[in-house]
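Descriptive analysis of the structure
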Amino acid sequence: MTDALKRGVVGFYDTHPINEDEILTKLAAAGIDVGTMSEDDLQAFDQDHYGGIEVVRELAKAASITAGDKVLDVCSGMGGPARWLAHNIGCSVTGLDFTRTRVDSAERLTQRVGLSDRVSFVHGDATQMPLPAASFDVVMSQESWLHVPGKPAVIGQCAQVVKPGGRIAFTDVVTRRELPAAVSERLAAGMHAHDLGSAQRYVELLEANGCEILSQEDLSAFWRDVLVERLAMYRSLRDTTVAKFGEARYEEYDAVYAHFVGLFVDGVLGGVRLVARRG
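The sections below set out a description of the structure shown in this document. In this text, all values refer to a predicted model and were calculated from it rather than measured experimentally.

1. A closer look at the overall build of the protein chain
- In terms of regular secondary structure, the protein chain is built from 12 helices and 7 strands.
- The C-alpha radius of gyration computed for the protein chain amounts to 18 Å, which stays within 12% of the reference 19 Å derived for 279 residues, consistent with globular compactness.
- Along the first, second and third principal axes, the C-alpha atoms of the protein chain reach 50 × 50 × 35 Å.
- By the burial criterion, 54% of the 279 residues in the protein chain qualify as buried.
- Considering only contacts within the protein chain whose residues lie at least 6 apart along the sequence, 78% involve residues at least 24 apart.

Spelled out as C-alpha cells, the structure:
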C-alpha cells in the first residue's frame, strides 16, 4: 500500500465517530466506572464492526477457535474482538493495525480490563506483516480489507503467517455486480475502500495460496439491515462528532457513509464470511 493510501485510511480512522473517547463516554453514561471496569462491562461498547458480539462469536465458532489457539486479528482496530476472544474463549490474541491511534487505544483499553497478558497489538501493514511465518493457528479479520488495495498481498500474508493446517477466517465487503467507474472512485475517495471485488475473487485468492475453502456464507441481507441502523447511530452522535472533529468532518462523513449504505440497500455491495484451511 502506498504512503498516500495509508495516510487516507489513517485519517479516516483518526476522525471516526466511534473512538476511544466515545466508548468511555458511553460507559460512564451507563453508570460504569471506567477506572475499575471489566471486559464484561467493556465488550458491549467496543465492537466496531457489523453485528456486535454475536458475529465475533459466530466467526470464532466457524473458525473452531479454542483456548489453546494463537490467533492473529488482522486490521484489529481498537481491539474489541481480540479482547472478547481472549476473555471468553481463553486464547492468546495478537492484533495488527497500521493506524497508530487505533493501536494505542486498543492497548489502553486492554490494559484497563486486565487482559494485556493474553492480548497484544502490533503497529504494521497487513500487506507486509512484521510477523514470523507459520506462527498462528488462526488468522481472522472483520470487514477491514475493503480498505486494503492489495487483496492478493493481504491473502498471501495471511497464508504465510498461519501454520500449516491453520485456519483463515474473515468477513469483508464484496461486490454483487460490477461497479461503475464513478462509484469505485467515490468509494475510494470517501470510504477509502479500494479494489473491491466479488466473494469468488477471495475464494480464488485463497485457493491460489494453497488454502481449502471450509465454508462460505452470504451476509448481504444481514449487513444491509445492520448498516441502515449504523447510519442512524452515527447520526445520533452528531454533537460529539462535531465537538471532537468539527462540523465539516461530520457532514463529509455523513455523505460518504450514506452513499456506502445506499449501495447495500440497492444490492450493489454485500458481505461474505469465508473460512479456509491452509494446506
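2. Overview of the pattern of salt bridges
- Within the structure shown, the criterion is met by 21 salt bridges.
- In this structure, Arg-273 engages Glu-58 in a salt bridge whose closest nitrogen and oxygen atoms are separated by 3.0 Å. Taken as a pair, Arg-273 in strand β7 (residues 269-278) and Glu-58 in helix α4 (residues 53-62) lie far apart in primary sequence, 215 residues in all.
- One network of salt bridges, with partners in common, ties together Glu-39, Asp-46 and Arg-83.

3. Details of the environment of Pro-130
- Considering the arrangement of structural elements, one finds Pro-130 in the loop between β3 (119-123) and β4 (136-142).
- Once the C-alpha coordinates of Pro-130 and Val-161 are considered, the two residues, 31 residues apart in sequence, prove to be 9.7 Å apart.
- If near-sequence neighbours (up to four positions away) are discounted, Pro-130 is found in contact with Leu-96, Val-122, His-123, Gly-124 and Asp-125.

4. Looking at the environment of Asp-254
- Residue position: Asp-254 is located in helix α12 (residues 247-265).
- Judged by its relative accessible area of 17%, Asp-254 is buried.
- With 26 residues separating them along the chain, Asp-254 and Val-228 place their C-alpha atoms 12 Å apart.
- Aside from chain neighbours lying at most four places away, what touches Asp-254 is Leu-231 and Arg-235.

5. Some points on the packing of helix α8 (residues 181-190) against α12
- Viewed as axis vectors pointing N to C, α8 and α12 meet at an angle of 135°, and their least axial separation amounts to 10 Å. One element, α8, and the other, α12, form an angle in the oblique class. Here α8 and α12 pass one another in a crossing that is left-handed. Seen from α8, the contacting residues are Val-183, Arg-186, Leu-187 and Gly-190; seen from α12, they are Ala-255, Val-256, His-259, Phe-260 and Leu-263.
- Here the contact of α8 with α12 is built from residues that sort into 6 nonpolar, 2 polar and 1 charged.

The rules behind these values
- Residues numbered from 1 in each chain as written.
- Predicted model: local features only at pLDDT ≥ 70, side-chain atom pairs only at ≥ 80, totals over all residues.
- Heavy atoms only, no water.
- Helix = DSSP H or I, 4+ residues; strand = E, 2+ residues; numbered from the N terminus.
- Rg over C-alpha atoms; globule rule 2.2 N^0.38 Å.
- Buried < 20%, exposed > 50% of the residue type's maximum accessible area, 1.4 Å probe, protein only.
- Contact = heavy atoms within 4.5 Å.
- Salt bridge = Lys/Arg side-chain N within 4 Å of Asp/Glu carboxyl O.
- Axes fitted to C-alpha atoms, helices over the stretch in contact; angles between N-to-C directions.
- Parallel < 35°, antiparallel > 145°, perpendicular 65-115°, else oblique.
- Left-handed = near helix turned anticlockwise from the far one by under 90°.
- Nonpolar A, V, L, I, M, F, W, Y, C, P; charged D, E, K, R; others polar.

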